[in-house]
Structures are given as C-alpha cells and as structure tokens.
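Coordinate inspection notes
This is what each chain is made of:
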Amino acid sequence: MSNAHQEAIKQFMSLMENVDERMKDTFQLIDCLQWRIQNEIDNILAKPIIPTDLYRSVRDSQLVGLSGYSKQGLPVIAIGVGLSTYDKASVNYYVQSHIQMNEYRDRVILPAATEKYGRHISTCLKVLDMTGLRLSALNQIKLLTTISTIDDLNYPEKTETYYIVNAPYIFSACWKAVKPLLQERTKRKIQVLQGCGRDELLKIMDYSSLPHFCRKEGSGSSRHSSNGTIDNCFSLDHAFHQQLYEYIKEQAMLVETGSPIKQGSVHVAFPEPDPDDTKIAKTIESEFQRLADQNGLCNSVNGLKVNGD
C-alpha cells in the first residue's frame, strides 16, 4: 500500500479518536483493515506451510475440515475440539493455518456456493466434536482464545450456527458455567445435540455432508473413520485439504515466479483478547480445576501450564 494510502488511514484514525464511543463500534472495519495491512493478510494464501510433512503434522493436530454443504447451501465446517492437540508445530503455524482456511472460505468456498445454489451465501455451519475432551485442554486455552479473538475482530458473523456433538460430562459442566457469560445472540447460535447429533443434523444436511464423527452413534473418534481418509475431512488426504493446499502452492508460484517457495511460518500480530473472552477462559480454567479437585486429580492438573505461563 502506498504512503498516501497509509497517511489517509492515519488521518482517519486520528479523527476517530474524537468520535463518541458509541459510534466507534460501527468502524470496526477500519481496525480490521489495519490488521490486514500490517500482517499482509491479502497475501497469506500465497504462503504455504512447507515441507508437506510439516503441514500434515499441523492437519493431524488441528482437526478442522469441510465435510459438505447444508440443504440451503451453507458450508459445513467440522472441528475436532476434543482431539486437537496443537502440539506438532509452533503457535504461529496453527494461527497461519487457521487464517488461511478463513481466507479460502471467504474467497473461494462461499463465492462458489453462492454460484452453485443461486443465492448469496456468506455464512457457514460449524459442527464441534467434543470426543476426547480432557483436562489437558487447559494447555490450549491461550491459543484457542487467540484464534477466537482473531475471528471475532476480523471475521465477524461468519457462522450461522454452532452444533456441539459427542459432549462428555466435562463439557456439560463447563457449559453450565460459561453459558450465562455469553451474549444472547451468541447463545442463540449454539445448539448442544444429543450423542453424535446425526438425526438432528440430517434435518438440515444430507448424509454425505455429515462429518464422519456424526455418522454412527458411539463412533468414539473424530480423528479416524471406517472409510479412512475418504470421509475424514480432517485428513490432509481429504479432497478439501488437497484442493486448499494445491491452491496455496499455486498462488505462491505466481508470486514467487522463478524463485523457490520460502519456508517458515507467517508471524501475525495477535490482537488483545476481548475482556469477555478472557472472563470466559478464566471461568473454564476454574471449572476444570473444580472438576479435577472433585475427582482427586489435583496433582495431574498442577503440572499443567495454563495460558503459556
């Protein structure tokens, strides 16, 4: 971006400092624009995570994928919350991968869905699998809060509904504590389904679009399925991730014509978490600690690093 454009943004931000607080919410777009410029987000789809083995490790420990589309044409994003370990690469790689999937969704998936279904589609559905959720999830709170904050500030209102499935007791206990802290509009978006949620989800999507962990009661794992990588949308070998990875590498070749693709993660500035998000994270920590105390697991929890401390 030219110096003239940057100077114009600085002047606008200076004017914004004098605007009434109630009006500033309307200008979140400006902060988002600044974030995109400072972190070169427009170019992030030209920066593949290489070598492939490293990207495969990211995919195996950050379980996210596209399982299909709803009957209304909304993309169905599956997330393996309980079995994602985020322990095979640095935090920067996980944040980079998350933003790349957001950008690919907005630039490729949603426009393609709009064309296919003949109506404007700008949101998706998310199915969150809680299989395997354990106390060790405390280690991931800082990273998950960072990702959540990036989404809230820079990709707002992109999710129509969150469906929670395969919820163990530990989730149910935390949900009771966290639910009162959520805004009403957020509560309305969240539905906790019984078991794997298959019957309820089949009302809004075909069987072929069901995430693999919703296809059979008691499937017990969101990392693997009976049909291997064909149905497992988390796998790098799944069609969605193959298309995404090839797209990023192709964009990189266009940008780096005649030069080898550079290795290394993209370092994105992490925004300060919203006070409400921080309060929710602290509530989850407290609830996990209470559950540990109840089950006589204090010693195992004391060794955990919370929020990277």
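Throughout what follows, the structure given in this document is the object of discussion. Not measured: the values here are computed from a predicted model. (Residues numbered from 1 in each chain as written. Predicted model: local features only at pLDDT ≥ 70, side-chain atom pairs only at ≥ 80, totals over all residues. Heavy atoms only, no water.)

1. Some remarks on the overall build of the protein chain
Counting its regular elements, the protein chain contains 12 helices and 5 strands. Within the protein chain, the proportion of its 309 residues that are buried is 44%. A separation threshold of at least 6 residues defines the contact pool for the protein chain, and within that pool the share at least 24 residues apart is 76%. Looking at the protein chain as shown, the accessible area adds up to about 16,600 Å², and 52% of this sits on carbon and sulfur atoms. (Helix = DSSP H or I, 4+ residues; strand = E, 2+ residues; numbered from the N terminus. Buried < 20%, exposed > 50% of the residue type's maximum accessible area, 1.4 Å probe, protein only. Contact = heavy atoms within 4.5 Å. Areas by Shrake-Rupley, 256 points an atom, 1.4 Å probe, with all protein chains shown as cover.)

2. Concerning the packing of aromatic side chains
For the coordinates displayed, the defined rule picks out 8 aromatic pairs. Seen in terms of ring centroids, Tyr 104 and Tyr 247 are 5.3 Å apart; in terms of plane orientation they differ by 65°. Their pairing is edge-to-face. Residue Tyr 104 is located in helix α5 (residues 91-117), and its partner Tyr 247 is located in helix α10 (residues 239-255); the two are separated by 143 residues in the primary sequence. Judged by its relative accessible area of 23%, Tyr 247 is partly exposed. (Phe/Tyr/Trp six-rings, centres within 6.5 Å; stacked < 30°, edge-to-face > 60°.)

3. Here we look at α5
Compared with an ideal rise of 1.5 Å per residue, which puts 27 residues at 39 Å, α5 spans 37 Å between its outermost C-alpha atoms and is within 8% of the ideal. The principal kink in α5, of about 45°, is found at Arg 105. Two residues or fewer past α5, Gly 118 is found with a positive phi of approximately 70°. (Expected span 1.5 Å × (residues − 1). Bend = angle between axes of the 7 residues up to and from the residue.)

4. A word on the pattern of salt bridges
Counted by the stated rule, this structure contains 14 salt bridges. For the salt bridge of Arg 36 with Asp 42, the shortest nitrogen-to-oxygen distance reads 2.9 Å. Under the relative-accessibility criterion, Asp 42 is labelled exposed at 51%. Overlapping salt bridges bring together Arg 36, Asp 42, Glu 103 and Arg 107 as one network. (Salt bridge = Lys/Arg side-chain N within 4 Å of Asp/Glu carboxyl O.)

5. Observations concerning the sheet that holds strand β2 (residues 75-80)
What the 5 strands build is an open sheet, ordered β1-β2-β3-β4-β5; its pairing is mixed. With partners counted over all chains shown, the strands left at the sheet margins are β1 (64-69) and β5 (190-192), one partner each. Pairwise comparison of adjacent strand axes, ignoring direction, gives a mean angle of 25° for this sheet. Pairing of β1 with β2, which is carried by 5 bridges, proceeds in the antiparallel orientation. Across the sheet, the residue bridging to Tyr 69 is Pro 75, located in β2. (Pairing = 2+ DSSP bridges. Axes fitted to C-alpha atoms, helices over the stretch in contact; angles between N-to-C directions.)

6. Topic: the packing of helix α4 (residues 52-61) against α5
It is at 11 Å that the axes of α4 and α5 come closest, and there the two elements cross at 80°. Comparing the axis directions of α4 and α5 gives the class roughly perpendicular. Each of Leu 54, Tyr 55, Val 58, Arg 59 and Ser 61 in α4 lies in contact with α5, whose residues at this interface are Tyr 93, Tyr 94, Ser 97 and Met 101. When the residues that make up the contact of α4 with α5 are grouped by side-chain class, the tally is 6 nonpolar, 2 polar and 1 charged. (Parallel < 35°, antiparallel > 145°, perpendicular 65-115°, else oblique. Nonpolar A, V, L, I, M, F, W, Y, C, P; charged D, E, K, R; others polar.)

7. What about the pairing of β2?
Among the 6 residues in β2, 6 count as buried, and that is most of the element. Every second residue of β2 is oriented toward a common face, with Pro 75, Ile 77 and Ile 79 on one face and Val 76, Ala 78 and Gly 80 on the other, all of them buried. Once β1 ends, the chain turns through 5 residues before running back antiparallel as β2, passing Gly 73 with a positive phi of about 95°. This β-α-β element, β2 to α5 to strand β3 (residues 124-129), shows right-handed connectivity. (Right-handed = clockwise from strand over helix to strand, strands pointing away.)

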